[in-house]
Amino acid sequence: MSRRGVLGATLTVAAMIAVVPLSLALERRAPPAEGGVGPAPVLLRASILRPLLLGFHPLAADLYWLRTIQYFGAHLQTDEQIPHLYGLVDLVTSLDPHFIDAYQIGGLFLAIGKRFPEAIAIYEKGIAANPQRWELPYDLGRLYFLDLKDEAQALRWWEVTDRLPGRPHYVPRFMARLYTKTGSLETAFELWNAMYEGSDNEWVRKTAKQEMQKILAQMKAQTAPKAGR
Amino acid sequence: MRIVAIAFMAFTEAVRDRILYSLLAFALAMIGSSIVLVRLSVGGEAKIVKDLGLGAISLVGVLIAVFIGVGLVSREIDRRTIYTIMARPICRAEFILGKFCGLGLTLLVNVAVMTVGLLSLAWLLEGRWSPELLPAVLLAYVELLLLTAAAILFSAFTTPTLSAIFTLSVFVIGRLIGDLRAFAEQFGGAGLRALATGLSYVFPNLARFNISEASVHALPLGTGYIPLALLYGGAYLILFLAAAMAIFARQDLK
Amino acid sequence: MLAIKTEGLCKDYRLGFWRRRTRVLHALDLTVEAGETFGYLGPNGAGKTTTLKLLLGLVLPSAGRAWLLEQEVGDPEVRAAVGFLPENPSFYDYLTGEEFLAYGARLAGIPRRRAREQIAALLDQVGLMGAGRMQLRKYSKGMLQRIGLAQALLGDPPLVILDEPMSGLDPIGRKEVRDIILRLRAEGRTVFFSSHIIPDVEMICDRVGILLGGRLARVGRLDELLGTEVESVEVTAVGLPEPIVEELGVLALAPPLVQGGRALFRLRGDVEVDKLLRRVLEAGGRIASVTPQKRGLEELFLAEVRAGARR
């Protein structure tokens, strides 16, 4: 090998070796990332973002949806605080107003985080954008009934559901129960059970199953003292 | 007959330039990303795969249309291969049309194979076929043809690099123009409104060919939307190609 | 019938940053008869290639008109009867020789079956029989020139236009191209070719035109152009004593060349030749040769170039 070749090879190898410590040193001096579960998500206004995506906004909605799930999952396991969740779901559903799963699951997430006004806002946004989809008023009715114990509102949204194509057969039954105001635990159980049966989504099914088990435990607790008396 | 010969030669060249390898990249990207997505996402898996597939069909096609399109004619001139061709009894317009059809055919094969791949993947995820995606693919293809014609038009009077920049600008402006016009109408003065309106007739409103959102959610389109969009695209196609032919007909092949 | 005719054909190019209008061809009037082999001569940049491209519609005239086979150029159909080989031809290098010729045949509108026969025959004719299935990227320069000739001959065109067909070829390649042109001439076809390699032109042309600075300087039959020029006669004598050689030297244009008993005299005309021959025989010498010296095309060409430079 010529002297120039040796020099070149030496330099190349030296550069390759230098890369690792250099990048580590740089890493140490870089501004620290926010601790815990990562930085707050960057939220842009959908009205500005959407045109700039040149028609690829559904894809952007998908990416933000993945970000939403990450955010929810990370905070659910740690501090149970999800202040940015509404902003994320709102952005996703503004970028793709027909993304039904995002309204449904986003609403469920918000309800789990006990952020009910935000959950209601998401469902109502979805209903306004997709007036022909029964799933959203149905879910909103369930939210009123189970979480807020507001039977009048629940009935109102199930009435909306009842008029929409493709609604499940059990909606009138729930409405009848509400009219007679009987058996709230049984209704709750049936509601979750309907959700469990009706969904293909693993996460939704798991959540519904947990809720059903809770209600079963409650029912047992109610019946046990009676039996003891 | 001669147009067909030129078209097939342009197709052959694209194939031998390994353009169709983009299909392989598409397949890998689709399969890889859908495996990741199905693990990561809660809800919307099929929608995400469809968005991704339609987006990739459009994006890969745009890149091919722009970067192959600007070289269709200029490369022949640069490499001096055009002399033996144009010394044959063919006219300049036939040459332009043949080249256009050749890239159109390349894009058709590309889009068709990608669509079959996307539909198969959606079938695996959902257990049913998604024919509602086909109109979106059809209009995306029309958009690609428009960009091809624009690329040929620009390359008829300027360098390939500038042509590529101009053609990409047509894509960006075309996809933005509807929003720009709405924006101008909401916030702009009379001058801005007039400018936006003028631009919206010079540039085709390419957002009209992007119905992927509606297709993925199986939303109804207005009656006669697809035929109207095809006519709209056809009109701009004729304008672009006619301009390209007119310019190329007056050009010296030095 | 006229194979080529131009009337006041002009071409301006816009050159440089300011796109200044520059005339590269000045009012060309040229006719080539059917069946002629015409050599179009000129130094590089004289406008030869521009003329050829004008004839084929590759560039458009700034003024004037042109006809091929008595049809005005501009109508693409004219070119159906014309074969063209561009200068330093370059083709789709991903095609094989056969594929390239088949493409040319399709563009020329030759039916497929006839094209197949012709392609085989042409490959044979240009000596590329074994290379038909080879990609053009693997062709040597000489092979490219030959496949270019083959594509120019597709469809048996009565008029063949060749731009510098012999440039860049080795002596063998030049001879092969020359032989092909001579064969075309024997077949009665019109061959119009440009060149700056004069001996090639001299050997095979019926007529030549000399283009200088975009203007046609001379055009005519070779014997006309050359025959009217100053001639000299070279006489070689053997066995002359040295004093006689010196004595005869006064008749010659230049001092005689003496080598190994042979003396070479350059004489102006017949009178001098007569005198010299008589004296040589008287002196007991022998005449080895008498060669009239015509002016060659090369000298004519150089003289024209020099004259052009003075103008």
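These figures come from a predicted structure and were not determined experimentally.

Among soluble globular proteins, nonpolar side chains are generally buried collectively. Membership of the largest hydrophobic core comes to 152 residues, with the highest contact counts inside it found for C:L68, C:I147, C:I161, C:F192, C:F193 and C:L297. By residue number, the principal contributor to this core is helix α7 (residues 134-155) of chain B, which donates 15 residues. With sequence-adjacent residues up to four places away left out, C:L297 is seen in contact with C:L41, C:I198, C:V201, C:E202, C:V208, C:L222 and C:L226. Among the nonpolar cores identified, the runner-up in size contains 66 residues, and A:I69, A:F145, A:W157 and A:V204 belong to it.

Turning to the arrangement of the chains, a few remarks are in order. Counting contacts across all two pairs of chains that touch, the top-ranked interface belongs to chains B and C. Separating chain A from chain C is a minimum C-alpha gap of 33 Å, and the two share no contact.

Taken together, the contact between chain B and chain A spans 23 residues of the former and 22 residues of the latter. When chain B packs against chain A, the two sides together hide about 1900 Å² of surface, and 67% of this comes from carbon and sulfur. If you look at where chain B meets chain A, you find three salt bridges. Residue B:K47 pairs with A:D96 through a salt bridge whose shortest N-O separation is 2.4 Å. Counting every contact that joins chain B to chain A gives nine residue pairs in polar contact (both at pLDDT 80 or more). Residue assignment for the side of chain B that touches chain A shows that the elements contributing at least two residues are α2 (21-40), α3 (45-69), α8 (160-187) and α10 (212-216) of chain B. In terms of residue count, the dominant contributor to the side of chain B that touches chain A is α3(B) (seven residues). Looking at the side of chain B that touches chain A residue by residue, the classes come out as 10 nonpolar, eight polar and five charged.

What follows concerns the side chain of C:T51. All names here are of chain C. Mapping T51 onto the fold places it in helix α1 (residues 48-55). A polar contact of 2.7 Å, which involves the side chain of T51, links it to the backbone oxygen of G47. Those residues within four positions of T51 in sequence are excluded, and the remaining contacts are L25, L28, Y40 and L211.

With that out of the way, let us pick up the interface of chain B and chain C. When the parts of a complex come together, some accessible area is lost, and that lost area is often used as the size of the interface. Opposite the 30 residues of chain B that make contact, chain C presents 33 residues. Regarding the contact of chain B and chain C, the summed buried area is about 2900 Å², with carbon and sulfur atoms giving 56% of it. There are three salt bridges connecting chain B and chain C. Salt-bridge contacts for B:D252 lead to C:K11; the nearest nitrogen and oxygen are separated by 2.6 Å. Inspection of the chain B/chain C interface yields 20 residue pairs in polar contact (both at pLDDT 80 or more). Breaking the side of chain B that touches chain C down by element, the ones donating at least two residues are α1 (2-16), α5 (82-86) and α6 (92-126) of chain B. Among the elements that make up the side of chain B that touches chain C, the one with the highest residue count is α1(B) (eight residues).

Take the pairing of strand β11 (residues 232-238) of chain C next. All names here are of chain C. With five of seven residues buried, β11 is to be regarded as a mostly interior element. Two elements, β11 and strand β13 (residues 262-267), share six bridges in a ladder whose sense is antiparallel. Bridge pairing links V238 to R262 in β13.

This paragraph deals with the pattern of salt bridges. In a structure, side chains of opposite charge can pair up when their charged atoms sit close to one another. Counted by the stated rule, this structure contains 37 salt bridges over all chains. Linked through salt bridges whose partners overlap, the residues forming this network are A:D62, A:D96, B:K47 and B:D51.

The rules behind each value
- Residues numbered from 1 in each chain as written.
- Chains lettered and ligands numbered in written order.
- Predicted model: local features only at pLDDT ≥ 70, side-chain atom pairs only at ≥ 80, totals over all residues.
- Heavy atoms only, no water.
- Core = buried A, V, L, I, M, F, W, Y, C linked by side-chain atoms within 4.5 Å.
- Buried < 20%, exposed > 50% of the residue type's maximum accessible area, 1.4 Å probe, protein only.
- Helix = DSSP H or I, 4+ residues; strand = E, 2+ residues; numbered from the N terminus.
- Contact = heavy atoms within 4.5 Å.
- Buried area = accessible area lost by both parts, 1.4 Å probe.
- Salt bridge = Lys/Arg side-chain N within 4 Å of Asp/Glu carboxyl O.
- Polar contact = N/O pair within 3.5 Å; in protein donor to acceptor, adjacent residues only side chain to side chain.
- Nonpolar A, V, L, I, M, F, W, Y, C, P; charged D, E, K, R; others polar.
- Pairing = 2+ DSSP bridges.

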